[in-house]
Amino acid sequence: MAEVIRMPKMSDTMEEGVIASWLKKEGDSVSSGDILAEVETDKATMELESYEDGTLLYIGVKEKEAAPVDGIIAIIGEKGENIDSLIAGIGSEGTTTAAEAPATSASAAESSSGEAIDTSGINAEVITMPKMSDTMEEGVIASWLAKVGDTVSSGDILAEVETDKATMELESYNDGVLLYIAKEPGESVPVDGIIAIIGEKGADFETLIKAHASGASSAPAVESTAPAQETAAPVASAPVVQQSAAPAVTAAPGPNSNGRILASPLAKKLAAEKGYDIASIPGTGEGGRIVKRDVESFVPSAAPATQESSAPGVVLPQVVGEERSQDVAISQMRKTIAKRLSESKFSAPHFYVTMEINMDKAIEARKSLNEISPVKISFNDMVVKAAAAALRQNLDINVSWRGDKIVKHDHINIGIAVAIPDGLVVPVVRFADNKSLSHISSEIKDFGQKAKDKKLQPSDWEGGTFSISNLGMFGVEEFTAIINPPEACILAVGGIKQTAVVRDGQLVPGNVMKVTLSSDHRAVDGASAAAFLKTLKSLLEDPVRILI
């Protein structure tokens, strides 16, 4: 029977995916494990893998074209199978074929009868999608590590689930047989939706599916053994999965398997374009498989410098004055950044307050601190610590705009803007006012590495109350930043510049740094913003105060 492949929702902000390339064409035979296409999302380019054997009967989206989430992008089935009815249903909202979800149809029919379904005698447990972040509405099944009929024990990893920025492991907390899998890899499951069912062999899991759909189960609630931070709502049976603290994708010893290089087609293509030896690139995909991100982050060993040619004369270019331009497609991540920042800029009335800070004493203090600090403290670390201390004295700007109310925070969580090749992320230093400079420095360095490796977890970027963007290390003297909603303020930090300053009536050399506070005028007034910068200036110009 033909299987419909839909565009999965791979991020909470994703509305569509772009087919970067098809690696198979209509009529090709495909096997489980083959990569069908590369899909560009707002966060990364992901591989669309087949988990069925058959023939690629239909491609619904061409290369470089976008498909909405849940839109049909392909159909796989038996060679010569008639799929006219499936194709005719494409674009019909709410259409569900029997091939796609027979269990769902049965459940709906049962629930429409209005009768309660008794599941008390069924020795099996429903596994539902947990809520892994405060913004998560659904998760995508990245891969199943067990199959129907397998015996599983408490602690076994059942599947990998993709959220908007990380891949999490789903762990079993029950012993039994995996009786049912609701979604294939690449398909999305809403929070509290059925993922699988585990129980004794031969248990009537179909009745559990119907009961879950109707919400009429009379089975007693089973106490979950998942941690307290699990936020999934109760369902017919208690959730039996939890989020793992570590990402599901881990580095394997090597990319070779029986002499064969395990690498995605896109990774091989990128390696060839860059001139890399694919065998020398460490793989971080499943089983040590080399994927796109591995090629992009790979730094080859430095080759010995060749002696510069001493050929005389000047070689003119073959063509002089030729104008060339090219259109570059906008990535999904860049689209999301553009959308969110546009909403912030045009919905929140920004106003800006700039102040110049003498950094002479901060320079001396940093030099002294680094003589004893276990980690190297940067000027950015000092700004974060000083900003946290200034916020503690000016809580009127440590607020969030929520439309119908202003939320005033007593805790101080500072987001640090970190640039990565694909865009920008803002991990959060929590309770920054209570942490030492060395603690803050270590945490920010760790965030930077995790952001580069795309290993940040939802807990790393959620819950900020104030943000800092520092471009001083790039030689920028002064700039303004766009507020990261729902926060009400963001501090733009420029570089330290040596210039002439007046001290005690004398013109002397000094080191100054300009900072600009962007504020949402709906929540923050100019006087409050100025008071904060005045406090920040006093702390950085006499940095011993931030140690108190």
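Look up a bit, the structure's there.
Here the structure is a predicted model, which means the values were calculated and not measured.

Caption draft 1: Quick peek at the sheet that holds strand 27 (residues 489-503). Across the sheet, 6 strands lie side by side as 19-28-27-26-22-25; this open sheet has mixed pairing. What marks the edges here is a single partner per strand, and that holds for strand 19 (350-358) and strand 25 (428-429). Pairing geometry for strand 22 (residues 414-416) and strand 25, over 2 bridges, is antiparallel. If you follow glycine 415 over to strand 25, its bridge partner there is valine 428. Where helix 7 (residues 360-369) meets the sheet, its contacts fall on strand 19, strand 27 and strand 28 (506-520), and the angle it forms with strand 28 comes to roughly 90°.

Caption draft 2: Helix 7, seen in detail. All of the buried residues along helix 7 are Asp360, Ala362 and Leu369. Where the residues of helix 7 are buried, they touch strand 19, helix 8 (379-393), helix 9 (437-452), strand 27, strand 28 and helix 11 (526-541).

Caption draft 3: Seen up close, the environment of leucine 536. Position of leucine 536 among the secondary structure elements: in helix 11. A relative accessible area of 0% places leucine 536 in the buried class. For the pair leucine 536 and valine 515, spaced 21 residues apart in the sequence, the C-alpha separation amounts to 9.7 Å. Setting aside residues up to four positions removed in sequence, leucine 536 forms contacts with Ile357, Val383, Ala386, Ala387, Ala390, Leu491 and Val515.

Caption draft 4: Up close: the pattern of salt bridges. Taken as a whole, this structure holds 12 salt bridges when the rule is applied. The salt bridge involving lysine 408 is made with aspartate 396; its shortest N-O contact spans 3.3 Å. Of this pair, lysine 408 sits in strand 21 (residues 406-408) while aspartate 396 sits in the loop between helix 8 and strand 20 (399-401), placing them 12 residues apart in sequence. Judged by its relative accessible area of 49%, lysine 408 falls in the partly exposed class.

Caption draft 5: The pairing of strand 6 (residues 54-59), seen in detail. Counting buried positions over the 6 residues of strand 6 gives 5, a clear majority of the element. One ladder, built from 2 bridges, connects strand 3 (residues 29-30) with strand 6; its direction is antiparallel. Each residue of the ladder has a partner; that of valine 30, found in strand 6, is glycine 54. Pairing between strand 6 and strand 8 (residues 72-77): 4 bridges, direction antiparallel. Of the residues in strand 8, the one forming a bridge with threonine 55 is glycine 77.

Caption draft 6: Molecular detail of the packing of helix 8 against helix 11. Direction vectors running N to C along helix 8 and helix 11 enclose 130°, while the axes themselves pass 9 Å from each other. Comparing their axes, helix 11 and helix 8 come out oblique. The way helix 8 lies across helix 11 gives a crossing that is right-handed. Packed against helix 8, whose contacting residues are Met382, Val383, Ala386, Ala387, Ala389, Ala390, Leu391 and Gln393, the element helix 11 presents Phe532, Thr535, Leu536, Leu539 and Leu540 at the interface. Grouping the constituent residues of the contact of helix 8 with helix 11 by class yields 11 nonpolar, 2 polar and no charged.

Reading guide: rules and limits
- Residues numbered from 1 in each chain as written.
- Predicted model: local features only at pLDDT ≥ 70, side-chain atom pairs only at ≥ 80, totals over all residues.
- Heavy atoms only, no water.
- Pairing = 2+ DSSP bridges.
- Helix = DSSP H or I, 4+ residues; strand = E, 2+ residues; numbered from the N terminus.
- Contact = heavy atoms within 4.5 Å.
- Axes fitted to C-alpha atoms, helices over the stretch in contact; angles between N-to-C directions.
- Buried < 20%, exposed > 50% of the residue type's maximum accessible area, 1.4 Å probe, protein only.
- Salt bridge = Lys/Arg side-chain N within 4 Å of Asp/Glu carboxyl O.
- Parallel < 35°, antiparallel > 145°, perpendicular 65-115°, else oblique.
- Left-handed = near helix turned anticlockwise from the far one by under 90°.
- Nonpolar A, V, L, I, M, F, W, Y, C, P; charged D, E, K, R; others polar.

None of this, on its own, says anything about what the molecule does.
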